[in-house]
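# Per-entry structural report
Below, each chain spelled out in residue letters.
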Amino acid sequence: MYLRHYIFILVVAPCVLVLSGCSSMGYYWQAVHGQLSIVENEQPIQHILASKRTAPDLRHKLQLIEHARKFASQQLDLPVADNYTSYVDLKRPFVAWNVVATPAYSVVPKQWCYLFAGCFNYRGYFHEQDAIAFAKKMKKQGMDVAIAGAWAYSTLGWFDDPVLSSMLDHDNTDVVGILFHELGHQTVYVKNDSSFNESFANTVEQVGLQRWYQQLGTPEKYQAYLHRRQQHNAVIRMLAQTRNALRRIYAEPVSDTEKEKLKTRAFASLKQTYHAWRKHHSYAVYDDWMKQKLNNAQLALIATYSDKIPAFKAMLASVHGKLPSFYALARKVGKLPPAQRNATLQKYLLDTQP
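Residues numbered from 1 in each chain as written. Predicted model: local features only at pLDDT ≥ 70, side-chain atom pairs only at ≥ 80, totals over all residues. Heavy atoms only, no water.

Turning to the state of the cysteines, a few remarks are in order. Under the counting rule described, the total for this entry stands at one disulfide. Disulfide pairing places Cys-113 opposite Cys-119 at an S-S distance of 1.8 Å. Residues Cys-113 and Cys-119 share a disulfide whose torsion about the S-S bond is about 100 degrees; that sign makes it right-handed. Classification of Cys-119 as buried rests on a relative accessible area of 11%. (Disulfide = S-S within 2.5 Å. Buried < 20%, exposed > 50% of the residue type's maximum accessible area, 1.4 Å probe, protein only.)

The next subject is the sheet that holds strand β6 (residues 123–125). Strands sit in the order β6-β3-β7 across an open sheet of three strands; the sheet is antiparallel. For this open sheet the edge positions go to β6 and β7 (143–150), each flanked by a neighbour on one side alone. When the angles between neighbouring strand axes are averaged without regard to direction, this sheet yields 25 degrees. On the sheet, helix α5 (residues 128–140) packs against β3 (96–103), β6 and β7 and is oriented at approximately 165 degrees with respect to β7. (Pairing = 2+ DSSP bridges. Helix = DSSP H or I, 4+ residues; strand = E, 2+ residues; numbered from the N terminus. Axes fitted to C-alpha atoms, helices over the stretch in contact; angles between N-to-C directions. Contact = heavy atoms within 4.5 Å.)

Attention shifts here to the packing of aromatic side chains. Geometrically, a pair of aromatic rings is defined through the distance of the ring centres and the angle of the planes. Per the stated rule, a full pass over the model turns up 22 aromatic pairs. Centroid distance Phe-126 to Tyr-153: 5.9 Å. Interplanar angle 75 degrees. Geometry classified as edge-to-face. Of this pair, Phe-126 sits in the loop between β6 and α5 while Tyr-153 sits in the loop between β7 and β8 (163–164), and the two are 27 residues apart along the sequence. The interplanar angle of 70 degrees and the centroid separation of 6.2 Å between the aromatic rings of Phe-200 and Tyr-327 together place this pair among those described as edge-to-face. Note that Phe-200 is positioned in helix α8 (residues 194–216) and Tyr-327 in helix α14 (residues 323–334), a separation of 127 residues in sequence. A relative accessible area of 0% places Phe-200 in the buried class. Judged by its relative accessible area of 3%, Tyr-327 is buried. (Phe/Tyr/Trp six-rings, centres within 6.5 Å; stacked < 30°, edge-to-face > 60°.)

This part is about α5. Relative to the 18 Å expected for 13 residues at 1.5 Å per residue, α5 spans 19 Å between its end C-alpha atoms, a close match to the ideal helical length. Those residues of α5 not exposed but buried are Ala-131, Phe-134, Ala-135 and Met-138. Axial view of α5: buried residues confined to an arc of 105 degrees, hence all on one face. Opposite its buried face, α5 presents the exposed residues Gln-129, Lys-136, Lys-139 and Lys-140, each directed more than 90 degrees away. Here the buried face of α5 lies against β3, β4 (112–114), β6 and β7. (Expected span 1.5 Å × (residues − 1). Arc of directions from axis to C-beta.)

Our focus in this paragraph is the nonpolar core. Counting 56 residues, the largest nonpolar core has Phe-180, Met-315, Phe-326 and Tyr-327 as its most contacted members. A total of seven residues in this core trace back to one element, the largest contributor, which is α8. Ignoring sequence-local partners within four residues, the contact set of Met-315 consists of Phe-326, Leu-329, Ala-330, Val-333, Leu-345 and Tyr-348. (Core = buried A, V, L, I, M, F, W, Y, C linked by side-chain atoms within 4.5 Å.)

All right, on to the layout of surface pockets then. Volume-wise, the second largest pocket comes out at about 410 Å³. What lines the second largest pocket is a set of 19 residues, and nearest its centre among them are Ile-236, Ala-240, Ser-306, Asp-307 and Pro-310. Mapped by element, the contributors of at least two residues to the lining of the second largest pocket are α9 (219–251), α12 (296–306) and α13 (309–318). Looking at which element gives the most residues to the lining of the second largest pocket, the answer is α9, with 10 residues. Here the lining of the second largest pocket is composed, by residue class, of eight nonpolar, five polar and six charged. (1 Å grid on protein atoms, 1.4 Å probe; cavity = no way out; pocket = protein on both sides within 12 Å on 5 of 7 lines; lining within 4 Å. Points joined across faces, edges and corners; volume = space filled by probe spheres on them. Nonpolar A, V, L, I, M, F, W, Y, C, P; charged D, E, K, R; others polar.)

What follows is the structure, encoded as structure tokens:
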């Protein structure tokens with residue numbers, strides 16, 4: 001265990017006891033325990049690659065990670081340092097489960113604030129049952145709730161982030177994209193603005209993959225990725241339209257009974273639109289999602305990860321695709337007060353429109 005890990009135990013853990021109330025102390029302890037469990041199970045990737053017992057698929061994915069790390073450092077100017085030089089077999093499909101909650105008649109997600117990291121639009125748990133228990137608690141309070149598994153997360157420099165088995169249980173495009181995404185969080189991070197952070201990291205992921213495939217000289221793979229991304233964006237637009245419709249519904253001076261009827265109708269319309277679209281498209285990622293009883297929290301989760309991507313792409317275009325300049329500009333905008341920050345992002349978007 002590295003020195004900084006001991007510092008985490010000796011400094012952060014006592015802070016949990018001193019600064020946390022009884023209701024939140026258990027949450028912090030599960031976070032500390034979960035992170036330290038990951039640290040304790042790290043294995044150097046070079047040792048795994050050197051072993052003759054390493055499974056071929058794991059070997060291939062770890063070699064892919066090494067290639068992507070080098071590319072991220074040299075071509076994307078991302079802060080690789082010693083991140084992703086170790087591997088952890090989680091023995092579970094996700095590293096964490098995030099709970100999102102909104103009021104029954106609002107599309108604005110509840111925020112939770114934490115020591116050091118700031119506020120987020122979700123609350124993360126290392127054990128699925130803990131996330132389910134917390135989601136039930138929120139439901140009892142009348143909230144709309146959604147739970148989403150996370151493949152990876154960034155410790156924002158507190159630790160050297162390892163490669164997690166949950167990151168590798170996907171095709172090569174997603175494996176590389178996850179790495180670019182998480183390194184994006186280490187590059188630019190704004191406290192208390194989940195939408196800014198996730199949209200920025202998603203932009204880094206998408207631009208990084210474009211340049212990755214260009215460098216590999218495999219345009220057909222990039223075209224396949226681009227086609228999938230275009231279909232994904234079409235679904236996101238449907239969700240955004242429904243979210244905007246619900247925002248208008250909830251602002252109406254009508255009874256909650258009437259709002260509930262209109263809410264049900266809006267989600268039924270979304271499903272109808274999606275199923276009509278799916279008849280002509282192969283993108284099936286949201287098929288199971290659409291079979292659920294949908295609610296505000298599910299839309300809020302999608303919005304957190306994608307709302308500001310067009311604005312960030314416009315920002316990148318304004319510096320002619322130069323990533324160091326883009327990162328510096330994103331940091332500058334991130335330091336603005338929230339209202340001014342959002343207005344500035346919107347201006348970048350509007351400036352690119354005819």
